[in-house]
Amino acid sequence: MSKMTLRTDGDRHVVVTRRFAASPELVYRAHTEPAIVQKWMLGPPGWSMPVCVNEAKPGGKIRYEWTDGKGGGFYLTGEFVELVPFSRIVHVERMHLPDPTPDNHVETTFDKDGNGTLMTMRMTLPDAATRTAMLSSGMEHGMEAGYVRLEEMI
């Protein structure tokens, strides 16, 4: 339906938006049900997610492990803070590259937008240097590749 947009806000925030041609319920479920997450949140072509732990409840654990199939990879750990079915997810995550990054506090909302959904993800990093490092990783390319996959699925 649309490409992802990414913008910065202040010194510590990153805001990602993406419209999907699907209901908020479907887009929310695609972010909370492990069997669905594991099919689309793969990053660039050739990558896979052999481990997907997604306990979608307050205090529930998150662990995603990605591999490029050539011996490379990384993983993410985190915890859910709050979930409002079909409209809002708040969680904390850290990438392990291999050392863990500082906590990234993420609030994702799913708003009805015509026949689809506007997803807005607001990330809060501990400082400007952490945000700069995150943005220099090229993460937006892997994110958009996953969102294109998700759009095709739903």
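Before reading further, recall that the structure is shown in the block above.
Small disclaimer: the values here were computed from a predicted structure and weren't measured. In this numbering scheme, every chain counts its residues from 1 along its sequence in written order. Predicted model: local features are reported for residues with pLDDT of at least 70 only, side-chain atom pairs are reported and counted for 80 or more only, and whole-chain, interface and lining totals are derived from all residues. Side-chain numbers come from the whole structure's heavy atoms, not from hydrogens or water.

Attention now goes to helix α3 (residues 128–135). When a residue's accessible area, from a 1.4 Å probe over protein chains only, is under 20% of the maximum for its type it is buried; when over 50% it is exposed; and in between it is partly exposed. For the purposes of this entry, the term helix denotes a DSSP run of H or I that reaches at least four residues, the term strand denotes a run of E that reaches at least two, and both are numbered from the N terminus. Burial in α3 covers these residues: T130, R131 and M134. Considered in projection along α3, the buried side chains sweep an arc of 100° and stay on one side of the axis. In this fold, the buried residues of α3 make contact with β1 (5–9), β2 (13–20), β7 (104–113), β8 (116–124) and α4 (139–153). Polar contacts here mean pairs of N or O atoms no more than 3.5 Å apart (in protein, one a potential hydrogen donor and the other a potential acceptor; neighbouring residues in sequence count only if both atoms are side-chain atoms). Regarding α3, its N-cap is D127, as a side-chain oxygen of that residue lies 3.3 Å from the backbone nitrogen of A129 further along. Throughout, the arc means the angular range of directions from the helix axis out to the C-beta atoms. Residue contacts follow a heavy-atom distance rule, with two residues in contact if any of their heavy atoms lie within 4.5 Å.

Quick look at unusual backbone geometry now. Cis geometry marks the peptide bond from L97 to P98, where omega comes out at 10°. Within the element layout of this structure, P98 appears in the loop between β6 (88–96) and β7.

Time to look at the pattern of salt bridges. The rule for a salt bridge is simple: a side-chain nitrogen of Lys or Arg has to be within 4 Å of a carboxyl oxygen of Asp or Glu. A complete count under the given rule lists 10 salt bridges for this structure. Salt-bridge contacts for R18 lead to E144; the nearest nitrogen and oxygen are separated by 3.0 Å. Of this pair, R18 sits in strand β2 while E144 sits in helix α4, and the two are 126 residues apart along the sequence.

Take G116: it is sitting in strand β8. In this structure the C-alpha to C-alpha distance between G116 and G59, which are 57 residues apart in sequence, comes to 29 Å.

What follows concerns the packing of aromatic side chains. Only Phe, Tyr and Trp rings take part, Trp by its six-membered ring, and two of them pair if their centres are within 6.5 Å. Stacked means planes under 30 degrees apart, edge-to-face means over 60, and tilted covers everything else. Per the stated rule, a full pass over the model turns up seven aromatic pairs. Ring centres of W47 and F74 lie 5.8 Å apart, and the angle between their planes is 55°; on these two criteria the pair is classed as tilted. Taken together, the residues W47 in the loop between α2 (34–40) and β3 (48–54) and F74 in strand β5 (residues 73–84) connect sequence positions 27 residues apart. Since its relative accessible area comes to 25%, F74 is described here as partly exposed. Look at NZ for Lys and CZ for Arg. If either is within 6 Å of the ring centre and within 35 degrees of the ring normal, a charge sits over the ring. One cation-aromatic arrangement involves R18 over F20; the distance from NZ or CZ to the ring centre is 5.0 Å. Across the ring face of Y75, the terminal group of R63 is positioned such that the distance to the ring centre comes to 4.1 Å.

Taking strand neighbours across the sheet as the criterion, the eight strands line up as β1-β2-β8-β7-β6-β5-β4-β3 in an open arrangement whose pairing is antiparallel. Pairing within the sheet leaves two strands with one partner each, and these edge strands are β1 and β3. The average angle at which neighbouring strand axes cross in this sheet is 20°, direction not considered. Only C-alpha atoms enter the line fits that serve as axes; for helices the fit covers just the stretch in contact. Angles between N-to-C directions range over 0 to 180 degrees. Taken strand by strand, helix α1 (residues 24–32) contacts β2, β3, β4 (61–67), β5, β6, β7 and β8, and its axis lies near 155° from that of β7. Note on pairing: DSSP must find at least two bridges between two strands before they are called paired.

Looking at where R131 falls in the secondary structure, it is placed in helix α3. In summary, the charge assignment counts Lys and Arg as positive and Asp and Glu as negative, without counting His or the chain termini. The buried charged residue R131 lacks any salt bridge partner; its closest oppositely charged side chain belongs to D11, at an N-O distance of 5.2 Å. Aside from chain neighbours lying at most four places away, what touches R131 is T8, D9, G10, D11, R12, H13, V14 and L125.

Across the nine residues of β8, seven count as buried, placing the element largely inside the fold. Here eight bridges tie β2 to β8, and the two strands are oriented antiparallel to one another. Along β8, the bridge assignment pairs V14 with M123. Two elements, β7 and β8, share nine bridges in a ladder whose sense is antiparallel. By the bridge assignment, D113 is partnered in β8 with G116.

Moving on: the pairing of β4. Taking every second residue as pointing to the same face, the buried face of β4 carries I62, Y64 and W66, while none of K61, R63, E65 and T67 on the other face is buried. Pairing between β3 and β4: five bridges, direction antiparallel. If you follow C52 over to β4, its bridge partner there is Y64. As paired elements, β4 and β5 share seven bridges and run antiparallel to each other. Paired with W66 across the two strands is F74, which belongs to β5. Counted along the chain from β4 to the antiparallel partner β5, the turn is five residues long, and its residue G69 has a positive phi close to 80°.

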